[in-house]
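Coordinate analysis (summary)
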Amino acid sequence: MVRMRLWAVRHARAMQVLYNSLEWVLVRLHPLFERIGYQRLEKPVAAFERWVKGLLFDCKMCGQCALSSTGMSCSMNCPKTIRNGPCGGVRANGNCEVKPDMRCVWVEAFAGSQRMKGGVEAMRVIQIAVDRRLEGRSSWLAVAKEKGAALKAAGTQQQLGAGGKP
Ligand code: SF4
């Protein structure tokens, strides 16, 4: 829903705080997720993620969420699905050249990023091309798996370091 999507961008800072809290929890749940099995969790978590993010951001479940780097404006709503926008066709009023009645998602992204902590810097990071094989998969689980594994490895190293002391 476009109205909700624009609301989320207007409240990008609150969305960022909310997401950071969610990520903190997800990363710490990694050992539990591992025990249950990420593969088994994929379907129900992806369905829930689709529902929540569909409502808030018009999420298209690309599987590689970039909202934190795009001012909470989902770039997959760009008719050209440009991940590093905007294109050269933005109208003088800030609307899309393909959908003249729609605000350019990248104009929205810049507005949202200015409201977020470190948002403008994050927007400068080049997004790699979308890997279509990940479409429909949960970004939340992917983050939990990647960052959870890194956290676990760091903890093990710390333990080894402490154990190595005389
Ligand atoms: S970037 Fe991808 S996962 Fe994130 S809201 Fe957009 S379509 Fe959904």
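Residues numbered from 1 in each chain as written. Predicted model: local features only at pLDDT ≥ 70, side-chain atom pairs only at ≥ 80, totals over all residues.

**Looking at the overall build of the protein**
Applicable threshold: The secondary structure listing takes helices from DSSP runs of H or I that are at least 4 residues long and strands from runs of E that are at least 2 residues long, numbered from the N terminus. Buried, partly exposed and exposed are defined by the number of other C-beta atoms within 10 Å of a residue's own C-beta, namely 20 or more, between the two limits, and 12 or fewer respectively, with C-beta atoms placed from the backbone.
Helix and strand counts for the protein stand at seven helices and zero strands. Helices and strands appear in the protein in the N-to-C order α-α-α-α-α-α-α. Referenced to the eigenvectors of the C-alpha coordinate spread, the extents of the protein come out at roughly 65 × 35 × 25 Å. Counting every position in the protein, which comprises 166 residues, the buried fraction comes to 28%.

**Examining the packing of helix H1 (residues 2-10) against helix H4 (residues 38-57)**
Put simply, the rule is: Orientation is described by lines fitted to C-alpha atoms, with helices fitted over the stretch in contact, and by angles between N-to-C directions that extend from 0 to 180 degrees. Angular relationships are summarised with four words: roughly parallel below 35 degrees, roughly antiparallel beyond 145, roughly perpendicular across 65 to 115, and oblique for the angles in between. It is the C-beta atoms, placed from the backbone, that decide contacts: two residues are in contact if theirs lie within 7 Å.
One way to put it is that H1 packs onto H4 with a least axis distance of 6 Å and a crossing angle of 85°. Taken together, H1 and H4 sit at an angle that is classed as roughly perpendicular. Contact with H1, carried on its side by Met4, Arg5 and Ala8, involves Leu55, Leu56 and Phe57 of H4 and no other residues of that element.

**With respect to the environment of Lys145**
Note that Lys145 resides in helix H7 (residues 139-163). Remark: the alpha-carbon pair of Lys145 and Val90, spanning 55 residues in sequence, is separated by 37 Å. Other than its neighbours up to four places away in sequence, Lys145 contacts His30 and Tyr38.

**Some details on the site of the ligand**
Using the following cut-off: Any residue whose C-beta atom, as set from the backbone, lies within 6 Å of a molecule or strand is reported as near that molecule or strand. Basically, the charged four are Asp, Glu, Lys and Arg, the nonpolar ten are Ala, Val, Leu, Ile, Met, Phe, Trp, Tyr, Cys and Pro, and anything else, Gly included, counts as polar.
Looking at the ligand, the residues that line it are Lys53, Phe57, Cys59, Lys60, Met61, Cys62, Cys65, Ala66, Leu67, Cys74, Met76 and Ser139. Each residue belonging to the shell around the ligand can be placed in one class, and the counts come to nine nonpolar, one polar and two charged.

**Remarks on unusual backbone geometry**
Across the junction of Gly85 and Pro86, the peptide omega takes the value -5°, indicating a cis bond. Along the chain, Pro86 falls in the loop between H4 and helix H5 (105-115). The residue Met61 is not glycine, and still its phi comes out positive at about 55°. A count of 18 C-beta atoms within 10 Å places Met61 in the partly exposed class.

**Structural notes on H1**
Here is the rule: An arc is given here, and it is the one of the directions from the helix axis to the C-beta atoms.
Within H1 the residues assigned to the buried category are Arg5, Ala8 and Val9. All buried residues of H1 fall inside an arc of 100° around its axis, so they share one side. Each element contacted by the buried residues of H1 is listed here: helix H2 (12-28), H4 and H5.

**Some points on the nonpolar core**
Convention followed: For the purposes of this analysis, a nonpolar core is taken to be any set of buried Ala, Val, Leu, Ile, Met, Phe, Trp, Tyr and Cys residues that are connected through C-beta atoms within 7 Å.
Counting residues in each nonpolar core, the largest one holds 22 residues, and the members touching the most others are Phe57, Leu67, Met72, Cys74, Val105 and Trp106. Within the residue set of this core, elements represented by two or more residues are H1, H2 and H5. With four residues, H5 is the single largest residue contributor to this core. Those residues in contact with Trp106 that lie beyond four places of it in its chain are Cys78, Gly85 and Pro86.

**Observations regarding the environment of Trp51**
For Trp51, the location among the structural elements is in helix H4. Between the C-alpha atom of Trp51 and that of Gly148, which follows or precedes it by 97 residues, the distance is 24 Å.

**Remarks on H5**
Every buried residue of H5 is listed here: Val105, Trp106, Val107, Glu108, Ala109, Gly112 and Ser113. Those residues of H5 that are buried are in contact with H1, H2 and helix H6 (119-124).

**What about the confidence of the model for the protein?**
Note the following rule: What pLDDT conveys is the predictor's confidence in a given residue, as a value from 0 to 100.
Considering every residue of the protein, the mean pLDDT works out to 94; 98% of them sit at 70 or more. The lowest-confidence element of the protein is H7, averaging 88 in pLDDT; the highest-confidence one is H4, averaging 98.

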